[in-house]
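Here is how the chains run, residue by residue.
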Amino acid sequence: MKVAWAGSRHAVEVADRMACLVASDPVFRKDTRTMLSRKELFKDTLKKAAHAWKRTVELHLTEEEANLLRLYIDQPGYVDLHWVMFVPAIKGQGTEEQQKKWLTMAYKFQIIGTYAQTELGHGSNVQGLETTATFDPSTDEFIMHSPTLTSSKWWPGGLGKTSTHAVVYARLITEGKDYGIHGFIMQLRSLDDHSPLPGITIGDIGGKFGSGAYNSMDNGVMRLDHVRIPRDQMLMRLAQVTREGKYVHSDVPKQLLYGTMVYVRQTIVADASRALSRAVCIAVRYGAIRKQFGSKAGGPETQVLNYKTQQSRLFPFLASAYAFRFVGQWLKWLYTDVTQKLESKDFSTLPEAHACTAGLKSVTTSATADAIEECQKLCGGHGYLNSSGLPELFAVNLPACTYEGDNVVLLLQVARFLMKTVSQVASGKQPVGTTAYMGNIQHLMQCKSVVNTVEDWLNPAAIKEVFEARALRMAVNCAQNISKAPSQEEGFSELSPDLVEAAVAHVQLIIVTKFIEKLQEDILGHGVKEQLQKLCGIYALHLIHNERLGKLYAQVRPNAVALVDAFDYTDHYLGSALGRYDGDVYSALYKEAWKDPLNETVVPDGYQEHLRPLLKQQLKLSRL
Ligand SMILES: CC(C)(COP(=O)(O)OP(=O)(O)OC[C@H]1O[C@@H](n2cnc3c(N)ncnc32)[C@H](O)[C@@H]1OP(=O)(O)O)[C@@H](O)C(=O)NCCC(=O)NCCSC(=O)CCCCCCCCCCCCCCC(=O)O
Ligand SMILES: Cc1cc2nc3c(=O)[nH]c(=O)nc-3n(C[C@H](O)[C@H](O)[C@H](O)COP(=O)(O)OP(=O)(O)OC[C@H]3O[C@@H](n4cnc5c(N)ncnc54)[C@H](O)[C@@H]3O)c2cc1C
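Residues numbered from 1 in each chain as written. Chains lettered and ligands numbered in written order. Predicted model: local features only at pLDDT ≥ 70, side-chain atom pairs only at ≥ 80, totals over all residues. Heavy atoms only, no water.

Where an unreviewed UniProt entry is consulted, the protein appears under the name Acyl-coenzyme A oxidase, with the organism given as Triticum turgidum subsp. durum. Under the UniProt heading Sequence similarities (unreviewed entry), the note attached to the protein is "Belongs to the acyl-CoA oxidase family." The protein has a UniProt comment under Subcellular location (unreviewed entry) that states "Peroxisome". (UniProt positions renumbered as here; feature names shortened; annotations may be inferred.)

And the structure:
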């Protein structure tokens, strides 16, 4: 099952090696993280990142190994934005020459970059960004400026205290004309003493949700006061400005400006499956240890994992973890395929890539955030303790519903893609890819239920057809209602809640389809395919509230712990007293409690000043 989860034996081997490397290095300890102040936590993040780089160089780690090292350190920081966004933005929007110059420095960590797009006043609406980049032909420079308070760059990870450079997104103005948003490489801080360069006001935006968690990341604010950069620091793969100041657009779709976001959205689907699997691992293992009620005449109490309510709340998340893992593996293939097509100027699958990355990022991160919160509840009171690992897991992963695109905004992008497809089908065009099912509109719109017997519900072809009919009917219904509106735009706006639901149904069809396709592959291990088939059934049927689920839960229960052990997480990475591999929960909880700084003294600070006088006074009053 480990291989099915990881994707290959090689993946299992590399993951094990990197996870053990991190778990065995005291510098990477994380058990006291939630007890640190914001400044201590930030400094700890710098220390870990520097040590990780040192180990990467010492051990000659590959890019795959270095990425896993960063992942198992499990502490968001500036390195994430450097590798996940700054480098890809230059790769995707820089010329060969610009890539050679800047990536050479970035790969050697001679500079530290971030991705500065969002502003105080605009995040979702990229075309509404206000920062300006005005070309000055007299000096062959761009003047970067924050014209308003709301144009302050706001949120970029690492910007607050760490990044020396950024790809800054701004309105390109030349010859008096505004050509919209483009990317520019800017140096922000001195490479000698790290002080901000002239004209740049920069700092951290303040603490964020949860203790520990994303507070390890210095998300920043930046205001630019007419900062000059050379013309050749405009990322010029998609468009250029000549020495004379002429704007020249390349023969590529302008949406490639958003390419970095598409790339990150597909990685976030894998992050979501991993985060969800961590929460499920903790809740399943703890559910097998925890016993409450049920004892008859002094017999053993009942494992809470045996309660049907616990299973009906938890097992859909177990199934979702596997479902998101497999669709994430497919999405990585889709993204790679689109990127290769772009190299040969084939832009035909760009809309599909945008819709799939946007939709899957949205659906998987929303489901994961909700599931982690529910896993906290599934662990009772102890799930609320930091030592359970669940509060931090929730706090780190909740923002994924917002960053890299607000989930509703992204679903509306999917809905726009679906409405276009429905109208193309109506004009006789055969849809392809993930919307190919819409070409079967006659059959799916009329099809009587293809599931008649209880057993039909476990027939993958029948389940797939049910999900195709569900998605198509919701999309067609929206299209029909939009057509009744005074205008397409008004109709789209009026119908947007229904369009979001239709987009979710389409994305869930993709997830179910990819799970079914995964089961058609050769899957190693005795009985593994059968277990995955049951999980596929649970994932699909829980979305449509089917009564078959109870039987499936009972069939999965005996293997539930084995299914989460297959995630192959070290206790260090899981970071949970409840989810320990050895199940020694109660002694772990008890041991973790005493680490809290509050327990450094038996009599707490504040007793003499605030508690003793109160108690003495009340005692005196009581004797009057
Ligand atoms: C898309 C927008 C919403 C709107 O854009 P526009 O207004 O420009 O376009 P239109 O809506 O008018 O559409 C025009 C046209 O273009 C098509 N289009 C749009 N986008 C794309 C695209 N990307 N690709 C291709 N085509 C596109 C669209 O379909 C239309 O086509 P048609 O005309 O044919 O219909 C845009 O404004 C937008 O994208 N907004 C969202 C902004 C956004 O996403 N911002 C992100 C900023 S960066 C950020 O947030 C970084 C966050 C940090 C991420 C890294 C985190 C790593 C840290 C790790 C944390 C720990 C996790 C650990 C988990 C674990 O492992 O446990
Ligand atoms: C932890 C974290 C890290 C981040 N890191 C970075 C970074 O490194 N670099 C960077 O550039 N940015 C970063 N961001 C910013 C992030 O990309 C934006 O917050 C995100 O794109 C959402 O935009 P917004 O904040 O403007 O939300 P808004 O768009 O203001 O959302 C507010 C509400 O309005 C709704 N809404 C907005 N538009 C519409 C519409 N057309 N129709 C219907 N509803 C709508 C949304 O659904 C939401 O409910 C980060 C954010 C977070 C939380």
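There's more to say after this.
Trainee: Help me out: how do you make sense of the overall build of the protein in this one?
Mentor: Counting its regular elements, the protein contains 21 helices and eleven strands. Taken over C-alpha atoms, the radius of gyration comes to 27 Å for the protein, in line with the 25 Å a tight globule of 624 residues would show. Here the C-alpha coordinates of the protein stretch approximately 90 × 75 × 60 Å along the principal axes. Taken over 624 residues, the protein has a buried fraction of 51%. When contacts within the protein are restricted to residue pairs at least 6 apart in sequence, long-range pairs at least 24 apart make up 72% of them. Taking the average place of the 68 positive charges on the side chains of the protein and the average place of its 65 negative ones, the gap between the two points comes to 4 Å. (Helix = DSSP H or I, 4+ residues; strand = E, 2+ residues; numbered from the N terminus. Rg over C-alpha atoms; globule rule 2.2 N^0.38 Å. Buried < 20%, exposed > 50% of the residue type's maximum accessible area, 1.4 Å probe, protein only. Contact = heavy atoms within 4.5 Å. Lys, Arg positive; Asp, Glu negative; His and termini not counted. Charge placed at Lys NZ, Arg CZ, Asp CG, Glu CD.)

Trainee: Even after reading the chapter, I still don't get the site of ligand 1, so can you show me in this structure?
Mentor: What surrounds ligand 1 is a group of 30 residues, the closest being Ser124, Tyr258, Arg265, Arg416 and Lys420. Here an oxygen atom of ligand 1 and a backbone polar atom of Val126 are 3.3 Å apart. A distance of 2.8 Å is found between an oxygen atom of ligand 1 and a side-chain nitrogen or oxygen belonging to Arg416. Within the complex, the protein chains bury 83% of what would otherwise be the 1400 Å² of accessible surface of ligand 1. Sorting the residues of the shell around ligand 1 by element identifies helix H5 (78-93), helix H7 (259-289), helix H10 (390-397) and helix H11 (407-426) as the ones contributing at least two each. (Near = heavy atom within 4 Å. Polar contact = N/O pair within 3.5 Å; in protein donor to acceptor, adjacent residues only side chain to side chain. Areas by Shrake-Rupley, 256 points an atom, 1.4 Å probe, with all protein chains shown as cover.)

Trainee: Whenever I open this one, the UniProt feature "domain: Acyl-CoA oxidase C-alpha1" (unreviewed entry) in the protein confuses me. Can you help?
Mentor: Under the UniProt annotation, the feature "domain: Acyl-CoA oxidase C-alpha1" (unreviewed entry) is placed at residues 258-419. For residues 258-419, the end-to-end C-alpha separation is 21 Å, with 72% helix and 0% strand making up the annotated structure.

Trainee: Help me out: how do you make sense of a negative patch on the surface in this one?
Mentor: Taken together, the side chains of Asp596, Glu600, Asp605 and Glu609 present a region of like negative charge at the surface. On the basis of relative accessibility, which here comes to 66%, the residue Glu600 falls in the exposed class. (Patch = residues over 30% accessible without salt bridge, like charges linked within 9 Å, V, L, I, M, F, W, Y side chains within 5 Å. Salt bridge = Lys/Arg side-chain N within 4 Å of Asp/Glu carboxyl O.)

Trainee: Explain the nonpolar core here, please?
Mentor: Across soluble globular proteins, nonpolar side chains have a tendency to be buried as a group. Leu318, Tyr322 and Leu532 are the most contacted members of the largest nonpolar core, which totals 156 residues. Examining the composition of this core, we find that 16 residues originate from one element, helix H8 (residues 308-343), more than from any other. What Leu318 contacts, discounting residues up to four positions off in sequence, is Val280, Leu535, Val556, Leu563, Val564 and Phe567. Formed by 24 residues, the second largest nonpolar core is a distinct cluster that contains Phe184, Leu188, Ile202 and Leu224. (Core = buried A, V, L, I, M, F, W, Y, C linked by side-chain atoms within 4.5 Å.)

Trainee: I tried to follow the packing of aromatic side chains on my own but got confused; where do I start?
Mentor: A ring pair, where both rings are aromatic, is described by two values, the distance of the centres and the angle of the planes. Applying the stated criterion across every chain, the model contains 22 aromatic pairs. Their ring planes at 85 degrees and their centres at 4.9 Å tell us that Tyr72 and Tyr573 sit as a pair that is edge-to-face. Here Tyr573 lies in helix H19 (residues 571-574) and Tyr72 lies in helix H4 (residues 63-73), a separation of 501 residues in the sequence. One aromatic cluster is present, formed by Trp5, Tyr72, Tyr322, Phe326, Phe515, Phe567, Tyr569 and Tyr573 through successive ring pairs. A cation sits over an aromatic face here: Arg278 above Tyr573, 3.9 Å from the ring centre. (Phe/Tyr/Trp six-rings, centres within 6.5 Å; stacked < 30°, edge-to-face > 60°. Lys NZ or Arg CZ within 6 Å of the ring centre and 35° of its normal.)

Trainee: Quick question: what am I supposed to make of the site of ligand 2 here?
Mentor: Near ligand 2 there are 20 residues, and of these Tyr115, Thr118, Ser124, Gly157 and Asp406 occur at the shortest range. Contacts to ligand 2 include Ser124, whose side-chain N or O atom sits 2.5 Å from an oxygen atom. Gly157 places a main-chain nitrogen or oxygen 3.0 Å from an oxygen atom of ligand 2. Contact with the protein chains hides 62% of the accessible area of ligand 2, taken as 960 Å² for the molecule alone. Among the elements that take part in the shell around ligand 2, H11 stands out by supplying three residues, more than any other. The residue inventory of the shell around ligand 2, partitioned by class, reads ten nonpolar, eight polar and two charged. Inspection of the shell around ligand 2 shows a minimum of three residues originating in each of domain 2 (111-250) and domain 3 (259-430 + 453-564). (Nonpolar A, V, L, I, M, F, W, Y, C, P; charged D, E, K, R; others polar. Domains from an automatic or database assignment.)

Trainee: Please clarify how helix H20 (residues 585-593) should be interpreted in this entry.
Mentor: Owing to its 3.6 residues per turn, the α-helix brings residues three or four apart onto one side. Residues of H20 that are buried include every one of Val585, Ala588, Leu589 and Glu592, and no others. Buried residues along H20 cover an arc of 100 degrees about the axis, so they all sit on one side. Facing away from the buried surface of H20 by more than 90 degrees, the exposed residues are Tyr590 and Lys591. Where H20 is buried, its residues touch H7. (Arc of directions from axis to C-beta.)

Trainee: Teacher, can you tell me more about the pattern of salt bridges here?
Mentor: Pairing between side chains of opposite charge can happen when the charged atoms of each approach one another. A full pass over the atoms with the stated rule returns 33 salt bridges. With its nearest N and O atoms 3.3 Å apart, the salt bridge here joins Asp80 to Arg70. Taken as a pair, Asp80 in helix H5 and Arg70 in helix H4 lie far apart in primary sequence, ten residues in all. Given the relative accessible area of 21%, Arg70 is considered partly exposed. Here Lys464 ties to Glu468 by a salt bridge, and the two come within 3.1 Å at their closest N and O atoms. Of this pair, Lys464 and Glu468 both sit in helix H13 (residues 460-483), four residues apart, which is roughly one turn of the helix.

Trainee: Explanation requested: the UniProt feature "domain: Acyl-CoA oxidase C-terminal" (unreviewed entry) in the protein in the structure shown.
Mentor: When the UniProt feature table is mapped onto this chain numbering, "domain: Acyl-CoA oxidase C-terminal" (unreviewed entry) sits at residues 547-616. Strand forms 0% of residues 547-616 and helix 53%; the C-alpha atoms that close the span are 63 Å apart.

Trainee: Please explain the packing of H8 against helix H16 (residues 528-543) as it appears in this structure.
Mentor: When two helices pack together, their arrangement is given by the angle between their axes and by how far apart the axes lie. Running from amino to carboxyl end, H8 crosses H16 at an angle of 105 degrees, the nearest separation of the two axes being 8 Å. Between H8 and H16, the angle is such that the two are roughly perpendicular. The segment H8 lies against H16, with Phe315, Pro316, Leu318, Ala319, Ser320, Tyr322, Ala323, Phe324 and Phe326 engaging Leu532, Leu535, Ile538, Tyr539 and His542. Each residue belonging to the contact of H8 with H16 can be placed in one class, and the counts come to twelve nonpolar, two polar and no charged. (Axes fitted to C-alpha atoms, helices over the stretch in contact; angles between N-to-C directions. Parallel < 35°, antiparallel > 145°, perpendicular 65-115°, else oblique.)

Trainee: Could you clarify how one ought to interpret the sheet that holds strand E8 (residues 220-224) in this entry?
Mentor: The strands making up a sheet associate through backbone hydrogen bonding, with each pair oriented either parallel or antiparallel. Across the sheet, which stays open at both edges, the three strands sit in the order E4-E8-E7 with antiparallel pairing between neighbours. The open sheet has two free edges, formed respectively by strand E4 (153-154) and strand E7 (200-204), since each of these has just one partner strand. Relative to E8, E7 runs antiparallel, the two sharing five bridges. The residue of E8 that forms the bridge with Thr201 is Arg223. (Pairing = 2+ DSSP bridges.)

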